[in-house]
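Given next are the chains, with one letter for each unit.
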Amino acid sequence: NQQYTAEIFLDFIQQNKVDGILYHDDITLNDFEDSSAAALQTYKTWGFDQQLIGQPKHAQQLEFSRYKTAYLDQFAEGISQILKQQQPDLHFARNMYAEAVLNPNSEKWFSQSNASTYQHYDYNAIMAMPYMEKADNHRQFYLNLIERAKKYDPNLSRTIFELQVTDWNHQKIIPNQELTDTIRLLEQHGVQHIGYYPDDFVQNHPDAQQIKKAFA
């Protein structure tokens, strides 16, 4: 499976100019995954039985999740090493849910952890999306993410803050001025790398000129 997955990326980077790859939300396993026969056999070799599947309150659930996190990150790193044989200068980032950053115990829901991410990838790409997380205080939400990220990356040189330009809960776009203000806030608190999505270039949202000026 690792080789098959790597070949998808290889086909692309051989035909296109690529500087980096973002491993997105697919590299997760929740507390109900994976219950296949092959997975159960793997868990057995780790010292866990299938009773842990779908039992989020089980006393061993967090320890079990850490094994799954390590497995997934090693899987991705294996793909990265295959790709670097073709393009040594590639950089790799892993998408991380905000909850996994703010609450270490949530690793059992996502099989994601800050410590493992900074170990296996060049960048930790945090989904800094308060509307998606239904945060009451957006400013404090961003500041909390910054504080947690700095525990592992003091200079924030390996952390990307991914902003949402659409409020998917209400199917509304985020105003350009709000995005600009957020970028300014993040930079004032030491954030060096900022991204956003989705980029609706057809409707020009966010406005290309305003975003360019904000990043400048």
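Read on for a plain summary of the structure. (Residues numbered from 1 in each chain as written. Predicted model: local features only at pLDDT ≥ 70, side-chain atom pairs only at ≥ 80, totals over all residues. Heavy atoms only, no water.)

Points about the packing of aromatic side chains
The geometry of two aromatic rings is summed up by the distance between their centres and the angle between their planes. Taken as a whole and assessed by the stated rule, the structure comprises 14 aromatic pairs. Taking 6.2 Å as the distance between ring centres and 15° as the angle between the ring planes, the aromatic pair formed by Tyr 118 and Tyr 152 counts as stacked. Pair noted here: Tyr 118 is in helix α6 (residues 114-120) and Tyr 152 is in the loop between α8 (138-150) and β4 (159-164), with a separation of 34 residues, a long-range link. You can call Tyr 152 partly exposed: its relative accessible area is 40%. (Phe/Tyr/Trp six-rings, centres within 6.5 Å; stacked < 30°, edge-to-face > 60°. Helix = DSSP H or I, 4+ residues; strand = E, 2+ residues; numbered from the N terminus. Buried < 20%, exposed > 50% of the residue type's maximum accessible area, 1.4 Å probe, protein only.)

Description of the nonpolar core
Grouped together as the largest cluster of nonpolar side chains are 27 residues, with contacts concentrated most on Tyr 142, Leu 145, Ile 146, Phe 161, Leu 163, Leu 186 and Val 191. Per-element accounting of this core gives the leading share, six residues, to α8. Not counting residues within four places of it along the chain, the set of residues in contact with Ile 146 comprises Leu 156, Phe 161, Leu 186, His 189 and Val 191. Ranked by size, the runner-up nonpolar core spans 16 residues in total, among them Ile 13, Ile 27, Ala 76 and Ile 82. (Core = buried A, V, L, I, M, F, W, Y, C linked by side-chain atoms within 4.5 Å. Contact = heavy atoms within 4.5 Å.)

What to know about the side chain of Arg 148
By secondary structure assignment, the location of Arg 148 is in helix α8. Among buried charged residues, Arg 148 stands out as having no salt bridge; its nearest opposite-charge side chain is Glu 147, 7.0 Å away. Once residues lying within four places of it in the same chain are set aside, the contact partners of Arg 148 are Val 101, Leu 102 and Pro 104. (Lys, Arg positive; Asp, Glu negative; His and termini not counted. Salt bridge = Lys/Arg side-chain N within 4 Å of Asp/Glu carboxyl O.)

So, the packing of helix α1 (residues 2-13) against helix α3 (residues 61-84)
Remark: α1 packs on α3, axes separated minimally by 9 Å, with the N-to-C direction vectors making an angle of 40°. Considered as vectors, α1 and α3 are oriented oblique to each other. Where α1 crosses over α3, the handedness of that crossing is right-handed. On α3, the residues that touch Gln 2, Gln 3, Thr 5, Ala 6, Phe 9, Leu 10 and Ile 13 of α1 are Gln 74, Phe 75, Gly 78, Ile 79, Ile 82 and Leu 83. (Axes fitted to C-alpha atoms, helices over the stretch in contact; angles between N-to-C directions. Parallel < 35°, antiparallel > 145°, perpendicular 65-115°, else oblique. Left-handed = near helix turned anticlockwise from the far one by under 90°.)

Structural notes on the pairing of β4
Among the six residues in β4, five count as buried, and that is most of the element. Relative to strand β7 (residues 193-197), β4 runs parallel, the two sharing five bridges. From the neighbouring strand, Glu 162 faces β7, where its bridge partner is Gly 195. (Pairing = 2+ DSSP bridges.)

Some details on unusual backbone geometry
Following Glu 33, the chain continues into Asp 34 via a peptide bond in cis, with omega recorded as -5°. A cis geometry characterises the amide bond from His 205 onward to Pro 206, with omega recorded as 0°. Residue placement: Pro 206 occurs in the loop between β7 and α10 (208-215). The phi torsion at Lys 134 lies on the positive side, around 55°, for a residue other than glycine. Tracing the chain through its elements places Lys 134 in the loop between α7 (130-133) and α8. Notably, Leu 156 is not glycine yet its phi reads approximately 55°, a positive angle. We classify Leu 156 as buried; its relative accessible area is 1%.

Side note on the sheet that holds strand β3 (residues 123-127)
Spatially, five strands are ordered β1-β2-β3-β4-β7 in an open sheet, and the strand pairing comes out parallel. Sheet topology places β1 (20-23) and β7 at the edges, where each strand pairs with a single neighbour. When strand polarity is set aside, the average angle formed by the axes of neighbouring strands in this sheet is 25°.

Description of the pattern of salt bridges
In the structure shown here, the tally under the stated rule is four salt bridges. Residue Asp 73 is joined to Arg 94 by a salt bridge in which the shortest nitrogen-to-oxygen separation is 2.9 Å. Of this pair, Asp 73 sits in helix α3 while Arg 94 sits in strand β2 (residues 91-96), and the two are 21 residues apart along the sequence. For the pair formed by Asp 73 and Arg 94, the shared burial category is buried. For Asp 181, the salt bridge identified is with Arg 184, shortest N-O distance 3.1 Å. Taken as a pair, Asp 181 and Arg 184 lie in helix α9 (residues 176-188) at a separation of three residues, close to a single helical turn. Asp 181 gets classed as partly exposed once you look at its relative accessible area, which sits at 35%.

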